[in-house]
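If you want the building blocks of each chain, they are given just below.
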Amino acid sequence: LQESESENKLDGETASDSESKSDFGGSSPAPTSDDTPEVLNRALSNLSSRWKNWWVRGILTLAMITFFFIIIYLGPMVLMTIVMCVQIKCFHEIITIGYNVYHSYDLPWFRTLSWYFLLCVNYFFYGETVTDYFFTLVQREEPLRILSKYHRFISFALYLTGFCMFVLSLVKKHYRLQFYMFGWTHVTLLIVVTQSHLIIHNLFEGMIWFIVPISCVICNDIMAYMFGFFFGRTPLIKLSPKKTWEGFIGGFFSTVLFGLLLSYVMSGYRCFTCPVEFNNDTNSFTVDCEPSELFQLHEYNIPVLLQSVVGWKTVRMYPFQIHSIALSTFASLIGPFGGFFASGFKRAFKIKDFANTIPGHGGIMDRFDCQYLMATFVNVYIASFIRGPNPSKLIQQFLTLRPDQQLHIFNTLKAHLVDRGILGSLEDA
Amino acid sequence: MSARRRRRAAAEEEEEEEEEEEAAEAGSDKEVDLEERLRELDLRSDSDIPDVPPPTDSTPEILKRALSGLSARWKNWWIRGILSLAMISGFFLVIYLGSFMLMLLVLSIQVKCYHEIITIGYRVYHSYDLPWFRSLSWYFLLCVNYFFYGETVADYFATFVQRREQLQFLIRYHRFISFALYLTGFCMFVLSLVKKHYRLQFYMFAWTHVTLLITVTQSHLVIQNLFEGMIWFLVPISSVICNDITAYIFGFFFGRTPLIKLSPKKTWEGFIGGFFSTVVFGFIFSYFLAQHQYFVCPVEYNSETNRFVTECEPSELFQMKKYSVPPLLQAVLGWETVNMYPFQMHSFALSTFASLIGPFGGFFASGFKRAFKIKDFADTIPGHGGIMDRFDCQYLMATFVHVYITSFIRGPNPSKLLKQLLILQPEQQLSVYKTLKSHLVEKGILQPSLRG
């Protein structure tokens, strides 16, 4: 019994950071199944368990980061597919937890309905994205045009079918369970699917809007862990006893610095800063454009206080780097709340990890819990402070208006342009 | 020892999360406290529903005295009947008072429905005393309402907003402000997690969000429909009410075959009778409403008089047209053509939805009440139950009407489009201008020789 306890305590360290031994008291949860590949097991068999865990985590971290770079290299289409797969896996993980929690694996229809709702919501969001960004492609193909014109109606009809199937599937003894699972599914959809689509929207703005936020969250995770490891003394929050104020603050400053450096490097390359567009002629994605003002070097005056410290009077920066400060700040200060939320969730349902997909780290959801709020923030930030509305979407809406409305808008726009001097009144533009 | 680990690992292959559950089912050595934790974790008994106290009789004293002579069954009938009439009259009164009062009414109903559902959640989970939770629920309601009202107000009150500086700022950064407000609530929730109450708190958090999704989005879609024209608000709601009443009446007189196990009182006769009556009712009702500008015109805000006005040139939908009656019906009706408003064809779709799919909203609510062993959502309306009991069928109708309008009726709002065009960068505006111009010339709307 004693051996198993010590074994459990050690295995506890392989799981996520937020593990707390005090909460589980005497009886620690059973160790997670050890699915570290045999190779690693043999290579590290000599080291003590503690360092072995460290190495496993480290190696897997490097593997994931390398994988991340590879898919960035492969381009937007592959990225979109990866985001889609991660979304499905997260959905599956959370729904599985629901089944286990409520012993409802055998509820009639329920597994089918969950996947059906996932399909519906994805169809709706992808339809909206495709209509916005692939406008010309859609107009060309007849079936796509009809699907896009009545898109909302079709999505709603699909959702309604699922809703009616749910009502018809209610079984006398299982009402409560079925409603729980229905609620669970919808909350999961709200969390997982909307986030993943916001990420794809960010991606279309320019890959830099996808890479910098995600890297900042990852960097904050790692830096906070390291600062906490070396300097950690004051606990941060009762929910995650392993987090410390030193880690939090150290992570904040490192992430801001990291964000500045990464943005500086990335702003120089068109493939990262240009919006992703779909080229009709080549039927592929292109990332080629005139870099916007955000990505052109500016001279900034350093505030007097910093001048003495840094020794320069002006500095050349990309305006985007200023935005990166906002993104990094959010990633370090508010992002962790997503992590605390997930810790609370795991505690509430007494699970150690969401799943065992990644050896040493837990499930996919464990890695992406902090990203949860980041994607929405970046999307809202872009919509509020960076870009205006999407011109092709506006043109598309314009074309559905009545002729007299179109004429009215056209004339107003013309008057506005002439007013601003953008269009000479004598010019036949 | 390693054998035990292997057995555990094998068992865990199937169900990854609930390690304790697996240990129990494997039946092997387990500590006593583990079993206790398992029992504690069996969430099927999670929300042991307390015996619901008998519904308080909130019938006003007057009614009770007036009806004291009749038998209990007829008394209930009378109470329900009188309250139905009272509600319908109240409805007409508010319509008469105008769009603004209607908006307020919709808002109050939404808040009351939300309150009813959240109260059920508290009772189900014995969580009335959870720290912060009541404040957080109301706070989230406020946030989501702020977000939705901001989106609608910005569109419809454009002229009002242009004049005031502070409002301009709020509108421009509206999404960011709403998101920041929501985040504050989210962080407060995380900080409020208390050790022994994690699971309850998460349940209430999810309950709140699902309720918001159901009640608040619907109510805002109802208001959007209202702005299209009061007829788009009145006809759907009346169709649902009519379907309720006529299905009940048909079921009462002719009902034999049960419709669905979930609601044993519903019958196929009631369902089908209700369907036909609702379609006819919708037809006739639309005919009358389509004649008055008050109902047909989009609601607009007049900045000079600071009021809502409904005055316009009636659109094509509301102008009489001659339709040829299909040969089958010609023999029956004896007419060759008929004068109808195109809107009446749309009312056909709306009534069909109200009668065929609307009831599923009612079944959903019945299932919900059964699941949580409650008879009514609340006791607000004597004889009828809570507000939610009356509005459960409307649930899906509002979304359907909104989707219907955006898909088949109106295009996007021209003033919103113009506003967005004017925000674009100059180069973008120029390229959009060129595209539009070529399009208009192509369609012959714009002559190439005249420059607009």
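Residues numbered from 1 in each chain as written. Chains lettered and ligands numbered in written order. Predicted model: local features only at pLDDT ≥ 70, side-chain atom pairs only at ≥ 80, totals over all residues. Heavy atoms only, no water.

If you check an unreviewed UniProt entry, chain B appears there as Phosphatidate cytidylyltransferase from Oreocharis arfaki. Turning to chain B, the UniProt annotation filed under Subcellular location (unreviewed entry) states: "Membrane". Under the UniProt heading Sequence similarities (unreviewed entry), the entry covering chain B gives this text: "Belongs to the CDS family." (UniProt positions renumbered as here; feature names shortened; annotations may be inferred.)

An unreviewed UniProt entry annotates chain A as Phosphatidate cytidylyltransferase of Oreocharis arfaki. As stated in UniProt under Subcellular location (unreviewed entry), the record for chain A gives "Membrane". UniProt, in the comment section headed Sequence similarities (unreviewed entry), describes chain A in these words: "Belongs to the CDS family."

Draft legend 1. Main features of the overall build of chain A. The helix and strand tally for chain A stands at 20 helices and 6 strands. Looking at the 429 residues of chain A, the share that counts as buried comes to 52%. In chain A, once contacts between residues fewer than 6 apart in sequence are set aside, the share between residues at least 24 apart is 70%. (Helix = DSSP H or I, 4+ residues; strand = E, 2+ residues; numbered from the N terminus. Buried < 20%, exposed > 50% of the residue type's maximum accessible area, 1.4 Å probe, protein only. Contact = heavy atoms within 4.5 Å.)

Draft legend 2. Focus on the domain arrangement of chain B. Along its sequence, chain B is organised into domain 1 (74–130 + 194–288 + 342–411) and domain 2 (414–447). Between the C-alpha centres of domain 1 of chain B and domain 2 of chain B the distance comes to 42 Å. (Domains from an automatic or database assignment.)

Draft legend 3. Representation of the UniProt feature "transmembrane region" (unreviewed entry) in chain A within the structure. All names here are of chain A. In the UniProt entry, the feature "transmembrane region" (unreviewed entry) is given for residues 109–126, 153–171, 178–200, 206–232, 244–266 and 320–342. Secondary structure across residues 153–171 divides into 84% helix and 0% strand, with the first and last C-alpha atoms of the span separated by 30 Å. Along residues 320–342 the backbone is 96% helical and 0% strand, and the end-to-end C-alpha distance reaches 31 Å.

Draft legend 4. Summary view of the pattern of salt bridges. All names here are of chain A. Enumeration over the complete set of coordinates arrives at 4 salt bridges over all chains. The salt bridge involving Glu128 is made with Arg152; its shortest N-O contact spans 3.6 Å. Residue Glu128 is located in helix H6 (residues 110–133), and its partner Arg152 is located in helix H9 (residues 151–168); the two are separated by 24 residues in the primary sequence. Classification of Glu128 as partly exposed rests on a relative accessible area of 23%. On the basis of relative accessibility, which here comes to 39%, the residue Arg152 falls in the partly exposed class. (Salt bridge = Lys/Arg side-chain N within 4 Å of Asp/Glu carboxyl O.)

Draft legend 5. Quick peek at the packing of H9 of chain A against helix H10 (residues 175–205) of chain A. All names here are of chain A. At a minimum axis separation of 12 Å, H9 and H10 run at an interaxial angle of 160°. Classed by the angle they form, the pair H9 and H10 counts as roughly antiparallel. Between H9 and H10, the contacting residues are Tyr159, Phe163 and Phe166 on the first element and Gln178, Phe179, Phe182 and His186 on the second. Among the residues making up the contact of H9 with H10, the classes are represented as 5 nonpolar, 2 polar and no charged. (Axes fitted to C-alpha atoms, helices over the stretch in contact; angles between N-to-C directions. Parallel < 35°, antiparallel > 145°, perpendicular 65-115°, else oblique. Nonpolar A, V, L, I, M, F, W, Y, C, P; charged D, E, K, R; others polar.)

Draft legend 6. Here's a closer look at the pairing of strand S2 (residues 263–267) of chain B. Residues and elements named next belong to chain B. In terms of strand pairing, strand S1 (residues 258–260) meets S2 through 2 bridges, oriented antiparallel. Within S2, the position partnered with Pro258 by the bridge is Thr267. Here S1 folds back onto S2 in antiparallel fashion, the turn holding 2 residues. (Pairing = 2+ DSSP bridges.)

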